[in-house]
Each structure stands twice: as structure tokens, then as C-alpha cells.
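Overview (structure and organization)
As a plain string of letters, each chain reads:
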Amino acid sequence: MKKKQLHLRFLVWGFLALNLSGAWIVCGQTAAADSDGNSSQLDRREPLELMGNRFLTFASVVRVNQIETTRTESRGVDESAVHSPREARILREAIEKVWPGARMTWAFSWLALQDQRQNYRELRQLIVSYQKKYGDEITFIPGAYFSPMYNAREQTNRDLHEGLQMVSDMVGDGYRPQSVMGGFLSADNLRYLADQEDIHVAQGTIWSQYAVDNGDGDGSLVYPYYPSTEHFNKPAQGVSDQIDCVNLDGWTVDFLNARYPGARRIDGVNCGSRMGVGPIETLIRLGTEQGVRQMLATTSTHFDSGFKSNGFAWVTSIWELSLVEARKLWPGYQGRNGMEGLDIWLREIRRRWPDAKAITHGEFGMLWRDHFKSNDELDYRFVHRGSGICGSEPELEIRWFMNKDFRMATLRNWIEQTPERVIDFTRYDLKAQEPADPRPGHPIRNWSLMNRLNQKGTRPQDVPMEIEALYPEEREMIKKRYPVLFEKGHPLSIK
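Model, not experiment: these values are computed from the prediction.

Conventions and cut-offs
Residues numbered from 1 in each chain as written. Predicted model: local features only at pLDDT ≥ 70, side-chain atom pairs only at ≥ 80, totals over all residues. Heavy atoms only, no water. Helix = DSSP H or I, 4+ residues; strand = E, 2+ residues; numbered from the N terminus. Rg over C-alpha atoms; globule rule 2.2 N^0.38 Å. Contact = heavy atoms within 4.5 Å. Areas by Shrake-Rupley, 256 points an atom, 1.4 Å probe, with all protein chains shown as cover. Lys, Arg positive; Asp, Glu negative; His and termini not counted. Charge placed at Lys NZ, Arg CZ, Asp CG, Glu CD. Salt bridge = Lys/Arg side-chain N within 4 Å of Asp/Glu carboxyl O. Buried < 20%, exposed > 50% of the residue type's maximum accessible area, 1.4 Å probe, protein only. Phe/Tyr/Trp six-rings, centres within 6.5 Å; stacked < 30°, edge-to-face > 60°. Lys NZ or Arg CZ within 6 Å of the ring centre and 35° of its normal. Axes fitted to C-alpha atoms, helices over the stretch in contact; angles between N-to-C directions. Left-handed = near helix turned anticlockwise from the far one by under 90°. Nonpolar A, V, L, I, M, F, W, Y, C, P; charged D, E, K, R; others polar. Core = buried A, V, L, I, M, F, W, Y, C linked by side-chain atoms within 4.5 Å.

The number of helices and strands found in the protein is 12 helices and 18 strands. Its C-alpha atoms give the protein a radius of gyration of 22 Å, near enough to 23 Å, the size a compact globule of 495 residues would have. Here the analysis covers contacts within the protein between residues at least 6 apart in sequence; of these, 68% occur between residues at least 24 apart. When the accessible surface of the protein is split by element, carbon and sulfur atoms take 50% of a total near 19,500 Å². Looking at the protein, you have 62 positive and 65 negative side-chain charges, and the mean spots of the two groups are 3 Å apart.

Quick look at the structure:
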């Protein structure tokens, strides 16, 4: 390496080392030299605040089998045939073409980190080059979204420790991710990440997930929070039970469609409850035109009205690498891979919300952590009217109120002006407890936090009710947080 190139590289490394612990973000790019003296792109970063900004976090999962439940056991199909550098280039170059400077997160499964077949060796090398070229984050995912359902907590902690070390060894140069992807992670696993691994951001909950895939976990907030030591879905109530690991959702979903467990068959289409900005429930099932419309409707809920209500906005999606060519494995995908729709969606985001920032999970979580030191000030509010697609009825309006004490959703027919009814009231002041560790061969599917009233309507007590039907102490809880809901004539009052 020439002396001038070596000096430039050391300068860049020093710059990044100074900024890794702070809240920094892409504002442009500058040329630098890699270890071979070739020109690559490294980001020039400037301070960025959480408030006043719109964020997109986009991630991909690299795996061998569809659901790697443990280190040695899997469910579903072998996806190795569609995991190669070709698929990674298609996905990453599509993002860079539409959104230059965007950064994303890559999460490797246990098997994908260890597979010695040529396609996986080359795939790992390529994605490492993306970290160096674009500033992408590379991290580990244990148990393929469902580690608590199949693994003892101690085993998941061991997987996290060794998996993160494999990632560091793979990337080199002392690399360490700022976040972990987990799908679901128990409170104990989140506390382990914070206390033992010094990682303070995890994608550790999947909002509204119930009767989908291999695990259930409804009951959390939809935006970031510090989890409680009692339950990963419960926001910490104070210093004594606060885990210093920001818990992030996995996919932004349509609030109306999310009311239903699993999926509903509507006009011959399987309308999944996770329909939002994920590709399977939109672009692949619905096709490009309808799929993009739904993705943009979901995005708008956050980037328009949600931004005004909350002071910042966040949309997130995980796009497994296998999806680029999963149509070869799944006839039900109708030959679709969603790439055309991804291009249109990202272009429209850039056109409608040109100030939006595409950053990694770790960067976003650390921005949030830098702004919020506890859950005390959390006050997330959302209003969503149906898109008219699948189970998102155009005549319905749902409102969500989320804070440290509770989450509450109300529903009404805004066209017919029917009375607003409470469809979810999950109290976080009540004691919560996660399931015990699963035993080998005996997974524990349901890790949901449901108490007073749940949106899914799966229990006898989950019947929509007027707010006056709640217990007096519950109405006082709501009134303390949102007194305007009880003021007749106020624009935000219960109608």
C-alpha cells in the first residue's frame, strides 16, 4: 500500500472511531482507499437529533434454512440455493441506486456464519465489503426470530456471545455492531446484551404478532422503549426494572389489518395481519400496484400525521435475502420477488419525504437512547384510516395511544360517525411474567402480554367497549395522560 493511501485510511479509521459512540448520520460521501488501495465510499457524518426527523431502517437476514430454531435444528425449507452474492448484489445495488448514501443492517444466522460452501464464503466477503463501502451494519440473529420459543435463555445468551464474536472476526478491524436482531428476545437476553455485551439496541419484539409463523408476541409499544426485567413487551416502570437495551419492532404494519390474528381470506387473497411495509404480505401477495399502495399508506401514517403527533417518525422493514429469489422455492409467490415494488416504494419515499434518513438499526436505536433516558416521557400517538386494501377497511379509523403506563386503541366508522370504542387496553402497571424456558422438543409459542383488553379479540373478554365501561381506576389512568379525551367538543375527544 502506498504511504499516502495508508495515511488516508488511518485518518478515516480515526474519524469513525471518534464517532461510533455518538449519534451520527450520513450527510454525504467522501472517497477513501481500502486495504488494496482501491477507491471506495465512506460516509461523512454529522450530528443528528432524533426529534424533527423521519427515519427508515431497512434490514436483511442471511440464513441457510428458513427458520433455524437452534444451532442444530431447523423448520421449513433449505434456502441455500438462493443465498449467493448475486442475490445480495441485486438487493444492495437496488437500494444504492435509488437512495445513494442509505445504510442498512445485515443479520447473519448461526449456520450462515459457519457454512463453508463457496456461495456462503463469497456472500460473507461481499457483505463485509458493503460494511466498508457503505457503512452498513453487520450483526447476528439467534434462533431465526424465535429463539425464546425454542431455546433456554442461557443458551440464547451463549449464542449471542459466540455469534457476535464470529461477526467481529468476519468483519475484522475490531468491528462491533451497535445492535442485534432477534425477532423476539426475552427480557433476560436483552439484559445480557446490555450488561455483558455492551450492546444497547435490539430488534427484540414483533409488534402485534399473533398466530403468525412460529411464535406469538403481541402486547408491546410500536415505537422504541426500554423493556422491563419482568417481560420484554412491557416498558420499564422505573430505574429498578429498566433494561438499558432499546427494544425495536421488526416491521411497520397497517394498524387496522393488525387487529386480526393470523390472516383473513378476502376476495381470494390471503390478507395477513402483518400487512404493512413488509414484502410478503404486500408486493408478493398483492402484486406491485396494490402492494406499493399499501406500503405507502402505512408509511404515510408515520411520516405524515405520526410525525406531527410524535415529533419524529420511524418506519422499519426486514427483507430476508432469500426473498430476492424465493419465487424459485415457493410456487405461491406467483413468480414475484417484489424488487420492482421496492424500487418504487423507496423512490416515492424520497419524493414525498426528501428529508427522510435511511440508517442502520444500531444508529437509530442509539439516537433514541441519546434522547430518552427512561420511558417516563414516552407519549406515542397514531391515527390511521383504512387504505381499502385487504383488511384495512376504508371506512374505519383507529387511534393508538402508547406510553409507559398503558397502550390503548380506539376504533370507529368515521364515515358513519359511529361511537368510538376501545379495542385494546394493555396495562403496564400490572405485574407481568414471561413463560419458563422451553424444553427440547417442547417449544413455548405464546410470549404475548395480554391483560385487560387485547386488539386481537382471541379471548372472551376481548370485546370492544365504550370508554365509560372501563373500570374507574382505568379511566383515571387515561384521564391523567389524556384529559382532552374526556372534554366534550375537543377535537381529540372520544367521539
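There's more to say after this.
Take the pattern of salt bridges next. A side chain of one charge can pair with a side chain of the opposite charge if their charged atoms are brought near each other. Considering all chains together, one arrives at 38 salt bridges under this definition. Of the charged contacts in the structure, one is a salt bridge between Arg352 and Glu348, with a shortest N-O distance of 3.1 Å. One end of the pair is Arg352 and the other is Glu348, both in helix α10 (residues 339–352) and four residues apart, which spans about a single turn. Look at Arg352 and you get partly exposed, because its relative accessible area is 39%.

On to the side chain of Glu420, then. Relative to the helices and strands, Glu420 is located in the loop between β17 (406–413) and β18 (421–427). Residue Glu420 is classed as buried on the basis of its relative accessible area of 5%. In this structure Glu420 touches Arg399, Thr410, Leu411, Arg412, Ser493, Ile494 and Lys495, once residues within four positions along its chain are discounted.

One pass over the full model with this rule turns up 25 aromatic pairs. Note on Phe232 and Trp447: the rings are 6.5 Å apart at their centroids and 45° apart in plane angle, and the pair reads as tilted. Placement of the pair is Phe232 in the loop between β9 (201–203) and β10 (246–248) and Trp447 in the loop between β18 and α12 (472–481), with a sequence separation of 215 residues. Members of the aromatic cluster, joined through ring pairs, are Phe55, Trp207, Tyr223, Phe255, Phe312, Trp314, Phe364, Tyr380, Phe382 and Trp400. A cation over an aromatic ring shows up here: Arg264 above the ring of Tyr260, its NZ or CZ 3.5 Å from the ring centre.

The next subject is the packing of helix α6 (residues 153–171) against helix α7 (residues 187–196). Here α6 crosses α7 at 35°, and the two axes come no closer than 9 Å. Note on packing geometry: the crossing formed by α6 with α7 is right-handed. Together, Arg153, Thr156, Asn157, Leu160, His161 and Leu164 of α6 and Asp188, Asn189, Tyr192 and Leu193 of α7 make up the contact between the two elements. Classifying every residue of the contact of α6 with α7 by side-chain character gives four nonpolar, four polar and two charged.

Counting residues in hydrophobic clusters, the biggest one holds 120 residues, and the most contacted among them are Leu91 and Trp345. Counting residues per element, this core draws most heavily on helix α4 (residues 118–134), which supplies seven residues. Setting aside residues no more than four positions away along its own chain, Trp345 makes contact with Leu56, Val277, Met295, Leu296, Thr299 and Val315. Counting residues in hydrophobic clusters, the runner-up holds 13 residues, among them Met408, Phe425, Met465 and Tyr482.

Quick look at the packing of helix α9 (residues 288–310) against α10 now. Packing of α9 against α10 leaves a shortest axis separation of 10 Å and a crossing angle of 35°. In the crossing of α9 with α10, the sense of the turn from one axis to the other is right-handed. Here Thr288, Val292, Met295, Leu296, Thr299 and Phe303 of α9 lie close against α10, whose contacting residues are Glu340, Gly341, Ile344, Trp345, Glu348, Ile349 and Arg352.

Below, the discussion takes up unusual backbone geometry. At Tyr145, a position not held by glycine, the phi torsion is positive, near 85°. Position of Tyr145 relative to the elements: it lies in the loop between β7 (137–140) and α5 (147–150). Positioned with a positive phi, Asp213 is a non-glycine residue whose angle comes to about 55°. Mapped onto the elements, Asp213 comes out in the loop between β9 and β10.

With that settled, the discussion passes to helix α11 (residues 361–371). Counting buried positions along α11 gives eight out of 11 residues, so the element sits mostly inside the fold. For α11, the full list of buried residues reads His361, Gly362, Glu363, Phe364, Gly365, Met366, Leu367 and Trp368.

What follows covers the environment of Phe406. Along the chain, Phe406 turns up in strand β17. Sequence spacing of Phe406 and Gly262 is 144 residues, and the spatial spacing of their C-alpha atoms is 24 Å. Excluding its chain neighbours within four sequence positions, the residues that come into contact with Phe406 are Phe401, Phe425, Thr426, Arg427, Tyr428, Met477, Ile478, Arg481 and Tyr482.

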